[in-house]
Amino acid sequence: MMMISSLVRRVGRLVHPTLLPATSPAPLHPCRTLASKQVKGNRKEQRPKVNSKKKKEVEIRKEQRPKVNSNKQEVEIWKNMTVEELARAMDRDFDHIVEALLNTSLDVDYLEPDSVLDDMWIKEVVKRSGMKMQWAKLRESPEREYRDAVPRPPADQSRMVPRPPVVTIMGHVDHGKTTLLDSLRKSQIAATEAGGITQHIGAFRVELPTTGETITFLDTPGHAAFSAMRARGAHATDLVILVVAADDGVMKQTVESIQHAKRAAVPIIVAVNKCDKPQADPQRVKRELLAHDVVCEELGGDVQAIHISALKGDNLLALVEATLALAEVLELKAEPDGPVEGVVIESRTDKGRGPATTAIVQRGTLKRGCVLVAGRTWAKVRYLFDEKGRVVKEAGPSMAVEVMGWKELPPAGDSILEVESERAREVVDWRNREAELQRMRAEQSVIQVKQKEHLDEYRKQREGLTHLSWRQRNFLQYQNTKGKLRPSEKTSHADLSLPLIIKADVDGSLEAILSIVDTYDAQDQCGLAVVHSGIGDVSENDLNMAVTFGGSVYGFNVAASKSIQQMAERQSVPLKLNAIIYQLVEQLKADLNSKLPPLLHHNAVGEAAVLAVFHVTQGKKKMAVAGCRVHKGQLNRQLRFRLLRGGETLWEGSLVGLKHHKDEVGVVKAGMECGLSLDSDVAFNVGDVIQCLEELDVPQVTTWDPGF
């Protein structure tokens, strides 16, 4: 009982509020409430002291923080921006763009200032830089005013007058095209041409002595290299005289000339030449032309075929009459007044007179002082010359003249338009700008294709590495690229490349040579690249460029002064001057062959058959020895040997021993027996053949075939 009462007293003492300790969490005790209020008061008094310092520090930091330019908060972006353009739009540098793209799937190691970024990466850079993006308005929407020169609309028939026909003579090489022209105008041009072949397109005006009428003839080359010249001649003409040799028939360039004429939609007159030869067969020529849709009148078609002999002048009058009759049927007319329109037939640099072009006037009358535009250059006409070099005051429709006064050489085949003097530069600037835009678009498309290929390759490489950590991925990539060179670090041996500097007399010849070089397809053997090309004689700058690139200078129908030749000899620059197109190509192939290393060729100088196999012990090693009889040539121990079984090579190497009876010998001749052992553990069989091989260096020949 006493124990129970004492327990109750203890519990009461614990529960009574006056007996609770000061640390008791009871919230209703007045002392505890007062204490808590005091503590809260103390905290409130202490808090401003601490926060005031922090606020001051924050304010100081805000003052020290650089203010962001509000003008650059909104960044104008557009599609296919380069890294440099994006950095300029954001007012940042290149490194900032690279840092913003770190830790992304884009490989920043390959970024360059001119690298094009996809839209997603442009947006990512702007977002990570804390800026806003805004799509720029289309800059091409306000299109530039069209300032190009254009031909005039067709003239009224009442203002047009008859004009002479423009006739192009086409055909295969050495079928007598230039001889025909010589006979028509009583000249000897063919005798003065290099190699006896035409290598330029020539324009001549022939006045017929019988009728007094004039015809403008275009003489085109027949060689395979001058296909572009023939195409220009076909498009600048009213009709085509197709010259075919009666003793040779239809050849490759004959077919090509027919195709050019059909593309240009001009009528054809067939001139069957060399009919005076005993082996001539004009009927065979007409039958062969049927296969190319050229049907002569004798065979039920509408194409005139005239049998002639250009060398003797036989039946040329009939050819001229047929030409004039066809021109009359075509009713050729032109407007002699108004601005001039024409076409560039050929262009060249005349020493002492500057750039010159051979042109045919198609409309208007060309006079001295006219301002002309052709391609991306212009001219104020200073002089006009005819085909004989005489100065003429004016040139009407269908007349071929040489024009002097060009600022630069226009490409052959370009149209000529007369403009006002103040508009010439404006038109040229417009055309230059358009050409630059086209070039940029082409480069942009190439860049996009390369970027896509690189991205696909990168994703393909990363497919099998997604489960690895970045350290493991970097280690594997390092192992894969270890010892490999990047494309920019790859170097090719100087002896296995041939840089070219090409100079030609006229634009058409240069075009033909560059077309030939473009067909080069043996880059795996030896590199071939044109580092510079131009029109005119070989100059000191050409030699300096050849020294810089370690190349050769090729000149076609151009000259090199004695000082230039001496300079080339001092600087060890190969200078090759040619006047015939196929000789230049042969020289080029010879130079390519000289660059190629020789091929190692094995020539069998002896052959022996295995008659028996022995095993001998030499030291602690057991060796197989073949007993042989030499039945062809001789075996020389110093040369290489080959073991054949059933026509297949089992071994190739050197001999360890060669014995005749018991003596070591160096040579075993035909009919003798010998024993030999190899430097390898190869099992001999009776009937095997052992060949003695002589190593020869055979000159390597390029596989490039230019087609003629």
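Notes on the structure in this doc start here.

Conventions adopted
- Residue indices follow the written sequence of each chain, beginning from 1 at its first position.
- Since the coordinates come from a predicted model, pLDDT governs what is reported: local features require at least 70, and pairs of side-chain atoms require 80 or more to be given and counted, while whole-chain, interface and lining totals use all residues.
- Note: side-chain values were computed over all heavy atoms of the structure, leaving out hydrogens and water.
- Helix and strand labels come from DSSP, where a helix needs a run of H or I of at least four residues and a strand needs a run of E of at least two; each type is numbered from the N terminus.
- When accessible area is computed with a 1.4 Å probe and restricted to protein chains, residues below 20% of their type maximum are described as buried, those above 50% as exposed, and intermediate ones as partly exposed.
- Should any heavy atoms of two residues lie within 4.5 Å, those residues are considered in contact.
- Note that accessible areas follow from Shrake-Rupley with a 1.4 Å probe, and for residues the cover is restricted to the protein chains shown.
- Think of a nonpolar core as a cluster: buried Ala, Val, Leu, Ile, Met, Phe, Trp, Tyr and Cys residues, connected wherever their side-chain atoms sit within 4.5 Å.
- Distance thresholds for patches are 9 Å for like charges and 5 Å for nonpolar side chains (Val, Leu, Ile, Met, Phe, Trp, Tyr), applied to residues having over 30% relative accessible area and no salt bridge.
- A carboxyl oxygen of Asp or Glu within 4 Å of a side-chain nitrogen of Lys or Arg is what we treat as a salt bridge.
- The charged-residue count follows a simple rule in which Lys and Arg add positive charge and Asp and Glu add negative charge, with His and chain termini not counted at all.
- Charge positions come from single atoms, namely NZ of Lys, CZ of Arg, CG of Asp or CD of Glu.
- Pairing of aromatic side chains here covers Phe, Tyr and the six-membered ring of Trp, requires ring centres within 6.5 Å, and sorts the geometry by plane angle: under 30 degrees stacked, over 60 edge-to-face, intermediate tilted.
- Counted as over-ring charges are cases with an Arg CZ or a Lys NZ within 6 Å of the ring centre that also lie within 35 degrees of the ring normal.
- For two strands to be treated as a pair, DSSP must find no fewer than two bridges joining them.
- The rule is simple: put a 1 Å grid over the protein atoms alone, call a set of points where a 1.4 Å probe fits but cannot get out a cavity, call an open set with protein on both sides within 12 Å along at least five of seven lines a pocket, and count a residue as lining if it has an atom within 4 Å of a point.
- Grid points are joined across faces, edges and corners, and a volume is the space filled by probe spheres set on the points.
- Three classes are used, and their members are as follows: Ala, Val, Leu, Ile, Met, Phe, Trp, Tyr, Cys and Pro are nonpolar, Asp, Glu, Lys and Arg are charged, and the others, Gly among them, are polar.
- Axis definition: a line fitted to C-alpha atoms, over the contacting stretch in the case of helices. Angles run 0 to 180 degrees between N-to-C directions.
- Helix crossings are classified by the rotation of the near helix relative to the far one: an anticlockwise turn of less than a right angle makes the crossing left-handed, while a clockwise turn makes it right-handed.

### Details of the overall build of the chain
For the chain, the helix and strand inventory stands at 16 helices and 31 strands. Within the chain, the fraction of its 708 residues that count as buried is 39%. For the chain, restricting intrachain contacts to residue pairs at least 6 apart in sequence, the fraction spanning at least 24 positions comes to 70%. Counting only carbon and sulfur atoms, one obtains 52% of the accessible surface of the chain, whose full area is about 41,900 Å².

### Digging into the nonpolar core
Membership of the largest hydrophobic core comes to 24 residues, with the highest contact counts inside it found for Leu 180, Phe 217, Ile 241 and Leu 319. Taken together, the elements giving at least two residues each to this core come down to β4 (166-171), α6 (177-185), β5 (202-207), β6 (214-219), β7 (239-245), β8 (268-273) and α10 (316-330). Looking at this core, the element that brings in the most residues is α10, giving six residues. If we skip the residues at most four places from it in the chain, Leu 319 touches Leu 180, Ile 241, Ile 269, Ala 271, Ile 306 and Ile 308.

### Some details on a positive patch on the surface
Side chains of Lys 380, Arg 382, Lys 407 and Arg 425 sit close together on the surface and give a patch of like positive charge. With respect to the helices and strands, the residue Arg 382 is situated in strand β15 (residues 377-385).

### Side note on the packing of aromatic side chains
Counted under the stated rule, the structure contains two aromatic pairs. Ring plane angle 35 degrees and centroid distance 6.1 Å describe the contact between Tyr 383 and Phe 385, whose orientation is recorded as tilted. With 5.4 Å between their ring centres and 75 degrees between their planes, Tyr 520 and Trp 704 make a pair best called edge-to-face. With Tyr 520 in the loop between α13 (507-518) and β20 (527-535) and Trp 704 in the segment after β31 (689-698), the pair connects residues that are 184 residues apart, well separated along the chain. Above the ring of Phe 385, the side-chain terminus of Arg 353 is found at 4.5 Å from the ring centroid.

### So, the pattern of salt bridges
Counted by the stated rule, this structure contains 29 salt bridges. Residue Glu 124 pairs with Arg 128 through a salt bridge whose shortest N-O separation is 2.8 Å. With Glu 124 and Arg 128 both in helix α5 (residues 119-128) and four residues apart, the pair spans about one turn of that helix. On the basis of relative accessibility, which here comes to 25%, the residue Glu 124 falls in the partly exposed class. The closest approach of N and O atoms between Asp 276 and Lys 312, which form a salt bridge, is 3.9 Å.

### Quick word on the pairing of strand β12 (residues 354-363)
Two strands pair when backbone bridges link them, and strand β11 (residues 341-350) and β12 are joined in this way by nine bridges, in the antiparallel orientation. When the sheet's bridge partners are listed, Val 343 is paired in β12 with Ile 360. Where β11 hands over to β12, the hairpin turn is made up of three residues, of which Gly 352 adopts a positive phi near 100 degrees. By the bridge criterion, five bridges tie β12 to strand β17 (residues 400-406) in an arrangement that is antiparallel. When the sheet's bridge partners are listed, Ile 360 is paired in β17 with Ala 400.

### Quick notes on empty space enclosed by the protein
A complete count under the given rule lists two cavities of 30 Å³ or more for this structure. The computed volume of the largest cavity comes to approximately 40 Å³. Together, Val 340, Glu 341, Gly 342, Val 343, Ala 359, Ile 360, Val 361, Leu 366, Leu 372 and Ile 416 line the largest cavity. Here the lining of the largest cavity is built from residues that sort into eight nonpolar, one polar and one charged.

### Some words on the environment of Ala 435
Assignment of secondary structure puts Ala 435 in helix α11 (residues 424-463). Judged by its relative accessible area of 21%, Ala 435 falls in the partly exposed class. With 59 residues separating them along the chain, Ala 435 and Arg 376 place their C-alpha atoms 9.0 Å apart.

### What about a nonpolar patch on the surface?
Taken together, the side chains of Leu 599, Leu 696 and Val 698 make up a nonpolar region of the molecular surface, amounting to roughly 220 Å² of accessible area. By the secondary structure assignment, Leu 599 is in strand β23 (residues 599-618).

### Let's talk about the packing of α13 against helix α16 (residues 581-595)
Two elements in contact, α13 and α16, have axes whose closest approach is 12 Å; the angle formed by their N-to-C orientations is 35 degrees. Handedness of the crossing formed by α13 with α16: right-handed. Counted together, Ile 513, Ile 516 and Val 517 of α13 and Ile 581, Leu 584, Val 585 and Leu 588 of α16 form the full contact between these two elements. Here the residues of the contact of α13 with α16 sort into seven nonpolar, no polar and no charged.

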